[in-house]
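Residue-level structure breakdown
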Amino acid sequence: MDYIKEMRALVGTRPLLLPGTLVIVGDARRRILLIHRADTREWALPGGHMEPGETLAGTGIREVREETGLTVADLEMLGIWSGPEYFFEYPNGDQVYKVVAVYVAQSFQGHLRPDPAEALDARFFDPFSLPENVFSQERGFIEKYRETTAEVSR
């Protein structure tokens, strides 16, 4: 049984404090990978919650592979976010306060094969031309990435 399911069995839907990782995966055309989440039907960055004993970077590598079929390495930290604005209630009523580490991966290996249990689709998008229904909490991470890549381009 996975850790979050074990915790949910004990506390029900009450808020949990959960660390997790998102990864901004870039391709050679400077586009970023988004998945169309199966649970919320929103576009989002690949990632998820940390399992006991994992590192934040290890969580990101595992989650990208599970959700998209791609293998990433050499992750670069973009930042860590937390606070009341990272409260989220899932469609099933589970509540979480997220502590989110966001990494950037500028290269990957493999073929894009989204896991249908987690993602309805996965595609690369121009970071300045995103679908309208991008998960609201993640827009700020993408904006920070755009600022960072603009600084590097100068």
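All of the points below concern the structure found in this document. Each chain has its residues counted from 1, running along the sequence as written. Reporting in this predicted model follows two pLDDT cut-offs: at least 70 for local features of residues, and 80 or more for side-chain atom pairs to be given and counted; totals over whole chains, interfaces and linings ignore these cut-offs and use all residues. As a rule here, side-chain values come from all non-hydrogen atoms in the structure, and water together with hydrogens is ignored.

Once that is clear, we can look at the nonpolar core. In this structure, Ile-24, Leu-34, Leu-45, Leu-78, Val-102 and Phe-141 are the most contacted members of the largest nonpolar core, which totals 17 residues. To qualify as a helix, a DSSP run of H or I must reach at least 4 residues; to qualify as a strand, a run of E must reach at least 2; elements of each kind are numbered from the N terminus. For this core, the secondary structure elements donating two or more residues are strand S1 (16–25), strand S2 (32–37), strand S6 (76–81), strand S8 (95–105) and helix H3 (136–153). Apart from the residues lying within four places of it in its own chain, the contact partners of Leu-34 are Trp-43, Ala-44, Leu-45, Asp-121, Ala-122, Arg-123, Phe-125, Leu-130, Pro-131, Val-134 and Ile-142. By nonpolar core we mean a set of buried residues, namely Ala, Val, Leu, Ile, Met, Phe, Trp, Tyr and Cys, connected to one another through side-chain atoms within 4.5 Å. Partly exposed describes any residue whose relative accessible area lies between the buried limit of under 20% and the exposed limit of over 50%, with all areas from a 1.4 Å probe on protein chains only and scaled to the type maximum. Should any heavy atoms of two residues lie within 4.5 Å, those residues are considered in contact.

Once that is clear, we can look at the pairing of S2. Of all six residues in S2, six are buried; the element is thus mostly enclosed. Alternating positions in S2 separate into two faces, Ile-32, Leu-34 and His-36 on one and Leu-33, Ile-35 and Arg-37 on the other, with burial throughout. As judged from the six bridges shared by S2 and strand S10 (residues 119–125), these two strands associate in the antiparallel manner. Directly across from Ile-35, in S10, lies its bridge partner Ala-122. Judged from the two bridges that link them, S2 and strand S3 (residues 43–44) form a sheet pairing that is antiparallel. Paired with Ile-35 across the bridge in S3 is Ala-44. Following DSSP output, two strands are said to pair if at least two bridges run between them. Two successive antiparallel strands, S2 and S3, enclose a turn made up of five residues, where Arg-41 displays a positive phi of approximately 65 degrees.

Looking now at the environment of Val-96. Structurally, the position occupied by Val-96 is in strand S8. With relative accessibility at 1%, the residue Val-96 sits in the buried group. Along the sequence, Val-96 and Arg-14 sit 82 residues apart, while their C-alpha atoms lie 7.9 Å from each other. Setting aside chain neighbours within four positions, we find Val-96 in contact with Arg-8, Leu-16, Leu-18, Tyr-86, Phe-87, Phe-88 and Tyr-90.

The next subject is the sheet that holds S3. Spatial strand order, S3-S2-S10: three strands in an open sheet with antiparallel pairing. Only two strands of the sheet have a single partner each, and these edge strands are S3 and S10.

Distances and angles like these do not, on their own, reveal function.
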